[in-house]
Structure formats: C-alpha cells, structure tokens
Amino acid sequence: MASSPPVTATPDERAGRLRRALSGKWTRRLLRWFATFSALLLVAVGAFWLIFARDLPSVEKLKAYEPPLPTNVRGIDGAPIYSYARERRVQLSFAEYPPLLIRAFLAAEDKTFFEHHGVDFPGLAGAVIDYASKFGTGQRARGGSTITQQVAKNLLIGNAYSPTRKVREAILAYRIEQTLSKQQILELYLNQIFLGRNAYGVEAASHAYFDKELPELSLAQMAYLAILPKGPANYDPYRSTERALIRRNYVLREMARNGFVTEAQARAANAEPLGAIRRRAPKFERVGGYFVEEVRRQLIGKFGENAQAGPYSVYSGGLWVRTSLDPQVQRYAADALRDGLLRYESGRGWSGPLAHVDLDDPAQFQGALLGTNIMLDYKDWRAAIVTARESGALSLGFADGRTGTLPRWAAQTPARGTGTPAFARIKVGDVIAVAPSDDVFALRSVPRISGGFVVQEPATGRILAMQGGFDASVQAFNRATQAYRQPGSTIKPIVYSAALEHGMTPASIIVDGPFCVYQGARLGQKCFRNFGNSRGAGPHTMRWGIEQSRNLMTVRAAAQTGMKNVVALMKKMQIGDYSPYLSYSLGAGETTVERMVNAYGVLANNGQWHDPSLIDFAQDRHGKVIWPANWRACDGCNMAHWNGGAMPRPATQGRQVMDAMSAYQMVHITEGVIQRGTATALRDLNRPIFGKTGTNSGPTDVWFIGGTPQMVAGLYIGYDTPRGLGGYAQGGTLAVPIFKAFAVKAFENLPVIPFRAPPGIRLVRIDRGSGRPVFGPWPSDADPKAGVIWEAFKPQSEARRPRRYSAAPATVATPRPAPSKSAAPRDSEFLQRQGGIY
C-alpha cells in the first residue's frame, strides 16, 4: 500500500510550536531563578537579622528614659549643702536650652538633623570609605554618626568600635525617629552626652568649663562646648589650646554658613579666647563632711549605690534629701573640736605629711593632689603637694592648679619625736598642710589626737551637727558614730536614773566609802576606788555623789539597785548591751558619742526616746517623698500668718523608755554638776544647763555631754589607738573647754528657758548636805553653793522630818528676815516667779 505524503507545517504553526517550547523552558527557568533569589534573599535577611538586628533593645524605653542624676542633699533650712555624684549632670527640658546653643551643636555634629530620618547617607558613605582606607592600620575611622545615632549608641547599644555596631546603630536610629520627635531626641542627647571634666550633659559642662548657667554663655563658649563630643581630651582648653581654638572657629564658620548666626557675630566670637576656668569652684560651702558621709552610708544601705540597685540609688536616682544639718551649728562644733585638738597637741611637734604620692612628672601635680581627695577646710589652711625641693625652699602645688613656696624658716617646727626640723623631713610628693604667710606659705600640723562631737535636738532626736575628727578628707573614720570608747563617768547619770526608777531619791544617803565584792575563787576580791584614789568622804546625798563624780557611791548605788536593772536601762536607751557587772556602772562598757548624746537627750526629753536621725525625708527626682514610708506633710506649718485655727501639731514618733519624773530628777541633779560640780566652767553661760564630765582609765579619753532643753551635745577626745593623755587630763579640764567654746556661740540666740518638769514632780526646799527638808531659809539664786536648794521629788517620796535651824550654819544660806504673816512667802510664789513649774 502506498504511503501518504508528509504533511508540511505552515510557518505560523512552526512559530507557535517554537514559542510553546521556549515558553515552557523559560517559565521553568524563571521559576527556578525566582525561587533561588527568594531563598537567597530570605537567607540574607535572616543573616542580617541574626548579625545586626537580633537582640536590639527596644526604643520604647526611651520615652520614659531618665538619665542618671546625682543625689542632692539639703540642710535643715532647705538650702543645698552637698551632692553625691559620679557623673555630674543637670537634666533640662528642650525648651530650657538656648536656641543658639542647639544651633552650635547642629553645626558641629549634624547639620541636616531636621531633614534626615535617623541616618545621613552621604555622611555614612564617607565614614565607610574612611573605614576601608584605614582598615588594618590601627587608626580609628571617623564616625559619620548623626545625633540620633549617637543617642542610640550612648543609651542603647554602647560604644564598641566595629562595623556591626554602626549597622545596629543605624537600625536603631531609624526606629528612634519613628518613636520620638526631633525635640525629644535632642533633649536626650544634650542631657546625656559626655563632655569631659566628669560632666554629662551640656548644663553640667557649662559649669565645669565656665562656671556659668547656659543662658549666661557667650556664642564663643557655646561653640566650644559643641566641639567636645568629638573627644573632650582632644580639646582640653589648657593642654590643647590651639587645637581647641581651631575646632571652635570651624564651628563658628559652619554656623555662619548655615545661617545660624551672622558673619559679624562669627568674626566677633572668633576673636575671643576660650575663657575656660582651670577648676570649678565648689558649688557648696564645704561644711559637715562627716555628717554628709554618714548620710551617704545610710542612703546606700536603704536604696543602693548604682543604677543596678534600683531607681532610687544614690549615684543615679536623682534624689533630693532633706537632712537635719544646721550649717551654723556644724561650724561651731567643728571649730570647737579642732581648736581643742590643736591646743592639746601644741608644742608636740610636726605630725608628719598627710599623704605621699609618687610624683613622676611635677607638672602633673594637680591631678596627683586631686587623686588624694585631701581638701582641708580649717580656717585658711590648705592642702599642698611638694613638687620640688631646694636648699632654702619647697615648691608647692595646689588643687586649683596654682603654685606657691614654703621657705625653710616657715617649717622649723621639730618633727614629732625628733629634734630635726620638719623642713628636713619633707620630701617631693608629700601632701602637707600649709597656711598663707605674707606672700609665701608656712607649715601647719594636723593633730594626731582626735575625737567626736555630736549635737542633737532632744525633742525630736534630729542630729544638728556631727564632727568625727579633725577633717573628713584626711581622717575618713567617723569617731562620732564608729569609734567605740569607754564613756567613763558620763554613764553615771544613767546608773543613778535606774536607781531613781527603783526607789531612791535625789536626797537618798549613800556612803562614799570602801566597797569590795567577791568575784569567785579565781578572781578573788575586787575593790573599787574613787578617781585619783581619793579616800571616801562618808555618807552623802545622791546629788552630791553625782556632782562630785564619786565612783564608790556610784558602785554602791548600782549594787543596791541591782546591776540587772542598771544594764537593762542602758540597753533600753541603746547605749550598749552589757553584762550585769559592777564595772559597767563606772563606764567600762564601750559605746559611741552618738549613742551617749541620744541617751542624754532622752533625759532632757522627760524619758521619751527618739531614734537619732540625720535624714528628715528623701524625695525622688519628681518630688515624691519615698522615705520614710509613713511620712506626712505638716499642713499649715509654713503659713506666713496665723489663720485663726488650731495650731498644727505633728504626731510625735517617740516612745517612753523611762519614767518621766525620774528623767527630770536626773536632769535637775546634773544641773548641779554645772553649778558646783566638775563642770563649773560652764556656770557663767547663765542659763539652765545639765551635763556630766567623764574620764576613763588611763586616762585615755575625756568626755563631756550636756546641754539645754533645746540642744544637747557631747564629745570625747582621745587617740585612735588608746594611750594615756597625761595625769592632768580630765573631762573638766579638756572636754569642758571645748564644749564651752561651742556653747558660747551655739546657745547665744537660744531662748533662756528652764527644763520643764512633768506632772507630779514636787519641788521641795532641802538642806543640800543632809537631804532633809527645811522650813524658813530660802534657796539663793545668786549662790550656787547655798546650803538650801530646791530638790525634785516624786509624790510622797521626799523626807518627812524637817531640820530645825537655830542659827544659820556655814553651809546654809542666811535666812531671810521673817516676813509678816500676811506677806509670808510661799513655794507657789517662787514658782510663779520662775514662770511656772519647770
């Protein structure tokens, strides 16, 4: 069978078949290419996310960001007295920054800030090229970061030098721009940026470099601050003056080119010197170094030190702390204690250098001296570092960068324990105390003996002043709160208060005679002695025993009362937790000045205890009181005028730890210590004062504690490593004069008011020697040693048997002429003349 001829496809059919074949191949290939590209893109995005965007911090927290701020401390009147800061910063809102200052920073750091969306791509490209050209050379490429990127770097991701960080920074900058306004970003930047001299933020830098508020800055000074973000150390106004001027003038030109200032303004500012100060003057008067350090310890114990500890930390929380420090009272206490220490050590020779620094480069003396943190604040004394030594003089450097000279003749005091002049002992690098003498300086000696001084308001427990040594920058150990010493006879009023609580009266007769106790087979017999081994004086009243500080009477009273009762009262008054041994009744137990002053404050406050406090309240950066938790404002306390309503009466926080009448009796007795006892040097202050001297074994420490109804103060002096002060040393000869130097000034403006007696106290005329009530003779206000005195008794506790007077004994005041019956004086009339029962 014949085959049929092949069918010939038409050109259109052939073209269609080709298109169909090609179409199938390209579709499959395009699909493969697309799938491959998509996969690679996903891998690239994933890798990008893993490398750059993973774990990026959220920018949302910038909305509520609060920069670390120092804690500011205020005194009793609300005036700032100190600041705890590791980063000096003052937070301002955007509206508080001068517009010209903002333009200076824009000209220096980010001219297109208000145009870009977080990243300046031309600038970023230039930074990439610069990085590539310097790769492997060890040189650091220029940043190319916008202000927004710097905010991301400073607040969110850190300052690590790597391309990865730059990409992460750019991503965050874009996110920040979507979250915050330009004004908010600038506010964060200007508050946070580090500008050298421990200044964070522009306001702090303005004070650090020019000691001015921002609105007070000139255009040239604003331009100088604007160059500092590039590297504060590179543009130091004294070490790199020329470099700083070149960069500052560049910023001025850029400001003019961008229309921020006129050409004339830029030229005028260009001609100005930098004008930076060497070192900023202290913002606060240096007062209360030991006080503010104790406040710092308490705040750290409560809120922590750094931001990691919580939002209210001392160095980041921006707290405002109101304290009870009275700067004037603090000065009086500090000066009195330091003058007393210097008096004691006068003639004992130069005590040696305050510190020593290895001074490799004498030109860098300022930093070396500042590193010691020694800044004397006594009178005109100054801390200086010896930078050079010649045969006839020493070259000195000071913390403010100035220099001086100490000639040989001004350092001829013998060094302590030698006959060698101090000049020969001083070496280069020694930090010494000096004072101006004409146009040179003379050597001074910081005493080795030290002590503590505390002043308290007894009605509240608030500590008004605290001095823990000669100078807090030289001797950081606070002897007012940290030094545990034997209080000696200052413990006796507490011992006798326990006796009053257990049945004795101020007129109780106690034998001043030998007193021994058997302590067991191993220790044998223990016999007590009076101070100076003086012999006993026989039976006398409790009052006389306290006024004359008789040890034998105190031990006998403690034994009769029971030492368990005595140490229980000491524990309640938080003096110490002692075992019931009789030696503790003579001050053998260790305690601090702060505790003893607070205990005397309890006596002055009719037995009511208040915790000793330095901090009234603490506020957060927004003004909310955060400590104490139960703090309440006293509404109406600060009204300018009385509104006719009831007086505001804040609730008292005290608690009764001893009988009010017993406390008053002891205060009344210890007023006699001032009038005729061991502290008669205070009598001429002519006001009601109670108190007690103290001298411990050795003697190694001498004490005095006492005061008025408004203010109680106490001090001790002694060496940190206890050693004898000399046989003449007693509380009345060393401590009382120091207290008096304080009291003459501190009590000058206090109203003269007597101690207020609690309800129930009976004031009875008694014979001072026998303690018996008398009728006829009257106490003499003018003669402190009159034989008839007023004595304070609890109800039904005074002696009932009167003493008859046929003639006035030598120790008794001469009786007044017998008045007519109608005009017979009565006790109530005397009390009325005294202003009531106090």
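Residues numbered from 1 in each chain as written. Predicted model: local features only at pLDDT ≥ 70, side-chain atom pairs only at ≥ 80, totals over all residues. Heavy atoms only, no water.

### Here's the deal with the sheet that holds strand β21 (residues 701–707)
Strand pairing in a sheet is mediated by backbone hydrogen bonds. Such pairs are either parallel or antiparallel.
Then step 1. Overall, antiparallel pairing links the five strands, which are arranged β11-β10-β22-β21-β20 in an open sheet. Pairing within the sheet leaves two strands with one partner each, and these edge strands are β11 (462–467) and β20 (690–695). Mean inter-strand twist for the sheet, computed between neighbouring axes without regard to direction, equals 10°.
Then step 2. When strand β10 (residues 450–457) meets β11, the two strands line up antiparallel, connected through five bridges. The residue of β11 that forms the bridge with Val454 is Met466.
Then step 3. Sitting on the sheet, helix α20 (residues 660–676) touches β20 and β21, and the angle it makes with β20 is about 65°. (Pairing = 2+ DSSP bridges. Helix = DSSP H or I, 4+ residues; strand = E, 2+ residues; numbered from the N terminus. Axes fitted to C-alpha atoms, helices over the stretch in contact; angles between N-to-C directions. Contact = heavy atoms within 4.5 Å.)

### Quick word on empty space enclosed by the protein
Then step 1. As enumerated under the stated definition, the model contains one cavity of 30 Å³ or more in all.
Then step 2. One number sums up the size of the largest cavity: a volume of about 40 Å³.
Then step 3. Gln456, Pro458, Gly461, Asn598, Gly601, Val602, Asn605, Gln608 and His610 are the residues that line the largest cavity.
Then step 4. In terms of residue count, the dominant contributor to the lining of the largest cavity is helix α19 (residues 593–604) (three residues).
Then step 5. Here the lining of the largest cavity is composed, by residue class, of two nonpolar, seven polar and no charged. (1 Å grid on protein atoms, 1.4 Å probe; cavity = no way out; pocket = protein on both sides within 12 Å on 5 of 7 lines; lining within 4 Å. Points joined across faces, edges and corners; volume = space filled by probe spheres on them. Nonpolar A, V, L, I, M, F, W, Y, C, P; charged D, E, K, R; others polar.)

### Points about the pattern of salt bridges
Two side chains carrying opposite charge are able to pair once their charged atoms lie near each other.
Then step 1. Counting across every chain of the model gives 29 salt bridges.
Then step 2. We note a salt bridge from Asp471 to Arg338, for which the minimum N-O separation is 4.0 Å. You can see Asp471 sitting in the loop between β11 and α15 (492–501) and its partner Arg338 sitting in helix α12 (residues 327–345), a full 133 residues away along the chain. Across this residue pair, the class does not change: Asp471 and Arg338 are buried. (Salt bridge = Lys/Arg side-chain N within 4 Å of Asp/Glu carboxyl O. Buried < 20%, exposed > 50% of the residue type's maximum accessible area, 1.4 Å probe, protein only.)

### Observations concerning the nonpolar core
Then step 1. One finds Val455, Met573 and Phe742 to be the most contacted residues of the largest nonpolar core, which totals 116 residues.
Then step 2. In contact with Met573, other than residues within four places in its own chain, are Ile494, Ala599, Val602, Leu603, Trp609, Val657 and Met658.
Then step 3. Core analysis: the second largest hydrophobic core is formed by 55 residues, Ile185, Ala220, Leu228 and Met255 among them. (Core = buried A, V, L, I, M, F, W, Y, C linked by side-chain atoms within 4.5 Å.)

### Side note on the pairing of β11
Then step 1. With six of six residues buried, β11 is to be regarded as a mostly interior element.
Then step 2. The turn joining β10 and β11, which pair antiparallel and follow one another in sequence, is formed by four residues; a positive phi near 85° is taken by Gly461.

### What to know about unusual backbone geometry
Then step 1. In the segment running from Trp627 into Pro628, the intervening peptide bond is cis, with an omega of 0°.
Then step 2. Inspection of the secondary structure assignment puts Pro628 in the loop between β18 (625–627) and β19 (655–656).
Then step 3. You will see that Arg197, though not glycine, has its phi angle at about 50°, which is positive.
Then step 4. With respect to the helices and strands, Arg197 occurs in the loop between α6 (182–192) and α7 (202–210).
Then step 5. For Asn686, which is not glycine, the phi torsion reads 55° and is therefore positive.
Then step 6. With respect to the helices, strands and loops of the structure, Asn686 is situated in the loop between α20 and β20.

### Observations concerning the pairing of β20
Then step 1. Most of β20 is tucked away, with six of its six residues classed as buried.
Then step 2. Neither face of β20 is exposed, since Phe690, Lys692 and Gly694 on one face and Gly691, Thr693 and Thr695 on the opposite face are all buried.
Then step 3. Where β20 meets β21, six bridges bridge the pair, whose relative direction is antiparallel. The residue of β21 that forms the bridge with Gly694 is Trp703.
Then step 4. What sits between β20 and β21 in their antiparallel hairpin is a turn of five residues, with Gly698 showing a positive phi close to 130°.

### So, the packing of aromatic side chains
Then step 1. Overall, the coordinates contain 24 aromatic pairs when judged by the stated rule.
Then step 2. Aromatic side chains Phe105 and Tyr189 sit 6.3 Å apart centroid to centroid with 80° between the ring planes, which places their arrangement in the edge-to-face category. Of this pair, Phe105 sits in helix α2 (residues 99–109) while Tyr189 sits in helix α6, and the two are 84 residues apart along the sequence. Each member of the pair, Phe105 as well as Tyr189, is classed as buried.
Then step 3. Through successive ring pairs, a cluster of aromatic residues spans Phe453, Phe704, Phe739, Phe742 and Phe747.
Then step 4. Above the ring of Phe113, the side-chain terminus of Lys182 is found at 4.4 Å from the ring centroid.
Then step 5. In this structure, Arg382 packs its charged tip against the face of Phe398, placed 4.1 Å from the ring centre. (Phe/Tyr/Trp six-rings, centres within 6.5 Å; stacked < 30°, edge-to-face > 60°. Lys NZ or Arg CZ within 6 Å of the ring centre and 35° of its normal.)

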